[in-house]
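Listed below are the residues making up each chain.
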Amino acid sequence: MTFCFTGVRSFPKLWKSNPYLGLSPGHSYLSLFLKDCYGIRNQQKWFSVKTVCAQNTKAVNLLTAKARYLRKGDEGSNMQVSSESHLFAAGAAKKRSEMNPHKEDHALPPVRNSIQLPTKPLNSEEWDKLKEDFKGKAKFESWIISQMAHSHSSVDVAKSLLAWVAGKNNGIVGYDLLVRYLYLCVFHKQTSEVIDVYEIMKARYKRLESEGYTLLIQGLVHSDRWKEALLLLEDVKKVMIASRKNYNDCIEGALLHQDVNLAWNLYQELLGHDLIPMLKTLKAFFDFGKNIKDDQYSNKLLDILLYLRNNHLYPEESFAQSIKTWFESVPGEQWKGQFTTVKESGQCLGCGKTMESIHLSPEEYEFLKGKIMRDVIDGGDQYKKTTPQELERFQNFVKCCPPFDIVIDGLNVAKTFPKARESQVLLDVVSQLAKQNVQLLVLGRKHMLTQHWRWRKDEMKKVQKQARCFFADNISEDDPFLLYATLHSGDHCKFITKDLMRDHKACLRDAKTQRLFFKWQQGHQLAIVNRVAGSKITFQHIPCYDTVVQTTGDSWHIPYDENTVERYSYEVPTKWLCLQRKT
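Below or above, wherever it landed, is the structure these notes cover.

Conventions used here
Residues numbered from 1 in each chain as written. Predicted model: local features only at pLDDT ≥ 70, side-chain atom pairs only at ≥ 80, totals over all residues. Heavy atoms only, no water. Salt bridge = Lys/Arg side-chain N within 4 Å of Asp/Glu carboxyl O. Buried < 20%, exposed > 50% of the residue type's maximum accessible area, 1.4 Å probe, protein only. Pairing = 2+ DSSP bridges. Helix = DSSP H or I, 4+ residues; strand = E, 2+ residues; numbered from the N terminus. Contact = heavy atoms within 4.5 Å. Axes fitted to C-alpha atoms, helices over the stretch in contact; angles between N-to-C directions. Parallel < 35°, antiparallel > 145°, perpendicular 65-115°, else oblique. Left-handed = near helix turned anticlockwise from the far one by under 90°. Nonpolar A, V, L, I, M, F, W, Y, C, P; charged D, E, K, R; others polar. Core = buried A, V, L, I, M, F, W, Y, C linked by side-chain atoms within 4.5 Å. Phe/Tyr/Trp six-rings, centres within 6.5 Å; stacked < 30°, edge-to-face > 60°. Patch = residues over 30% accessible without salt bridge, like charges linked within 9 Å, V, L, I, M, F, W, Y side chains within 5 Å. Areas by Shrake-Rupley, 256 points an atom, 1.4 Å probe, with all protein chains shown as cover. Lys, Arg positive; Asp, Glu negative; His and termini not counted. Charge placed at Lys NZ, Arg CZ, Asp CG, Glu CD. Expected span 1.5 Å × (residues − 1).

### What to know about the pattern of salt bridges
Following the criterion strictly, the structure yields 29 salt bridges and no others. Glu228 is the salt-bridge partner of Arg225, the closest N and O atoms lying 2.7 Å from each other. For the pair Arg225 and Glu228, one class covers both residues: buried. A salt bridge links Asp473 to Lys446, with the nearest nitrogen and oxygen atoms 2.8 Å apart.

### Considerations on the sheet that holds strand β13 (residues 550–551)
Ordered in space as β6-β15-β14-β13, the four strands form an open sheet in which the pairing is antiparallel. A single partner strand is all that each edge strand has here, and the edge strands are β6 (335–340) and β13. Across six bridges, strand β14 (residues 555–560) lies against strand β15 (residues 575–581) in antiparallel orientation. The partner of His557 across the bridge, within β15, is Cys578. Contacting β6, β14 and β15, helix α14 (residues 317–329) crosses the sheet at an angle of about 155° to β6.

### Overview of the packing of helix α7 (residues 191–204) against helix α8 (residues 210–220)
It is the contact of α7 with α8, at a shortest axis distance of 9 Å, that shows an interaxial angle of 135°. Regarding the angle of α7 to α8, the classification is oblique. As for the relative orientation of α7 and α8, their crossing is left-handed in sense. Taken together, the residues of α8 that come into contact with α7 (itself represented by Thr191, Val194, Ile195, Tyr198 and Met201) are Leu216, Gly219 and Leu220. Classifying every residue of the contact of α7 with α8 gives six nonpolar, two polar and no charged.

### What to know about unusual backbone geometry
Located in the positive-phi region is Asn291, a residue other than glycine, with phi close to 65°. Following the sequence through the fold, Asn291 ends up in the loop between α12 (279–288) and α13 (295–310). Look at Asn291 and you get exposed, because its relative accessible area is 52%. Positive phi is not limited to glycine here, since His312 has a value of about 50°. By the secondary structure assignment, His312 is in the loop between α13 and α14. On the basis of relative accessibility, which here comes to 19%, the residue His312 falls in the buried class.

### Thoughts on the nonpolar core
Counting 89 residues, the largest nonpolar core has Trp127, Ile144, Met148, Met201, Phe285, Leu305 and Ile323 as the members making the most contacts within it. Sorting elements by how many residues they give to this core places helix α6 (residues 175–187) first, with nine residues. Trp127 has contacts with Pro118, Leu122, Phe140, Ile144, Met148, Val157, Ser160, Leu161 and Trp164, leaving out every residue within four places of it along the chain. Core analysis: the second largest hydrophobic core is formed by 31 residues, Leu360, Phe404, Phe481 and Ala485 among them.

### Thoughts on the packing of aromatic side chains
Scanning the model with the defined rule gives 26 aromatic pairs in all. Here the aromatic rings of Trp264 and Tyr267 are separated by 5.8 Å at their centres, their planes lie at 75°, and the arrangement is edge-to-face. One end of the pair, Trp264, and the other, Tyr267, are both in helix α11 (residues 260–272), three residues apart, so they sit about a helical turn from each other. You can call Trp264 buried: its relative accessible area is 5%. Owing to a relative accessible area of 4%, Tyr267 belongs among the buried residues under this scheme. Each ring, one from Trp264 and one from Tyr297, has its centre 5.5 Å from the other, and the planes form 70°; the classification is edge-to-face.

### Remarks on a positive patch on the surface
On the surface, Lys457, Lys461, Lys462 and Lys465 cluster together into a positively charged patch. Checked against the element boundaries, Lys461 lands in helix α19 (residues 457–466).

### Concerning α14
With 13 residues, α14 extends 18 Å from end C-alpha to end C-alpha; this agrees with the ideal 18 Å at 1.5 Å per step. The complete set of buried residues in α14 reads Phe319, Ala320, Ser322, Ile323, Lys324, Trp326, Phe327 and Ser329.

### Some thoughts on helix α15 (residues 362–377)
Between its terminal C-alpha atoms α15 stretches 21 Å, which fits the 22 Å expected from 16 residues at 1.5 Å a residue. Among all positions of α15, only Tyr365, Leu368, Gly370, Lys371, Ile372, Met373, Asp375, Val376 and Ile377 are buried. The elements touched by buried residues of α15 are α16 (388–399), α20 (479–489), α21 (502–507) and α22 (511–524).

So, in structure tokens, the structure goes:
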């Protein structure tokens, strides 16, 4: 085959290969006959796709080494609870950051190259001029193709760049340039161009780096040669666990070409590798199942919903719409869906049903308590600086006290309002809660007892009169103390801190324990949202219901992410899809 750049296609099947078969990208050449339509007309040149040996050895090594990868009723009238969304509601963190903006960054903006990316194919002279105007330190060809990929430039512009590079380098074009060109072909869905690049790589290279495989798989699944993407998937699996994106593309290709059994087999294989499927993969199954009366297929889709539940995954808005459409399209089932919200009481505004409780069962609580004690406290939490001796002193202290109702992270709470005196803030919180006749524990540091303009001794003495207090060494991390005291006191005990405990959740070694920890945290963590001097402290309310996919058989409630709301990973959606089957 010979290879010719034309104004319409970059890789028509005019390749002529020379006998360098069986080489990896690190030391192979791909020679082809080039007729350049952009500035080197009527000249015939050999065009070699060559990669730098050291660069691609690194890529192959990386490829080979890649691993597999709360609600109890309000405690008396003195606790004022905000009507705003709870601490873990989607968008709450963004609102907090907007209320407490960081200082402006006055650093100078990075210097950018003044050259403009071309919007039409350039000839050789025009590329020469553009390179002369380039002032960056990077290699011009690498920089410009990366900018093109970032800006999604047209394929025609990119192929004129490759023709110019070939003309200036004895027909040699770097592997990275070819991969960036492939990216643009895939992005613009230029399937015929993808196939031509595939033919080049298949003829020349035993193996590719992961980006090359991923782009080829993604591009091929939309062509009539889609099954060859499965061969590439097998090549990837010889050296590592294929990525969930690789599986997603192959599953979408199988569904696109009506091979349903293959799609489900790939899905099960993905799960077998403990990979979390992409939401677009799951959405594709629902989209395919529209108007299909097939009990076996329907049961598999319901299993996907239970998978979302068990893994605390939330569909995006378009996925939620696909779920609704599928339910309503199943012949003879008479499902009706609506998008709604849930009241603070846990009642669905759409159907009136009550959502599942946020509180753990006794068995779940004991399981979580044991895991926290072993993995976070006794297990040597990597984020703490507490000595074993001090932890033992604290454990003995807790054993001598009655169970606590509320545990307060004293230093964290005191710093809630930066302009106020810290000892005064802590005293206000403790005084308000003490009026409810509850057992309080304040955790602090020893420096809080030293007279200072932010820590008045008289105010700290008042705190100590109204609550039991434990003051750790100044270098100690107090989160393990807070978790220990709260869990040791029982499921009724709440805790107050702004800390979202993400580091400690990460210490838990399995997904089940992490999910239970987050559920327990949502049902037990209080946060202060407002304080007016001489008035009550306002706490953010604790949700009483669990934000997970749930079903009663004749109903489904599915929390989903709105397109317009930025949700952090430790937050939960506030919008729900309510599905009811008419009886």
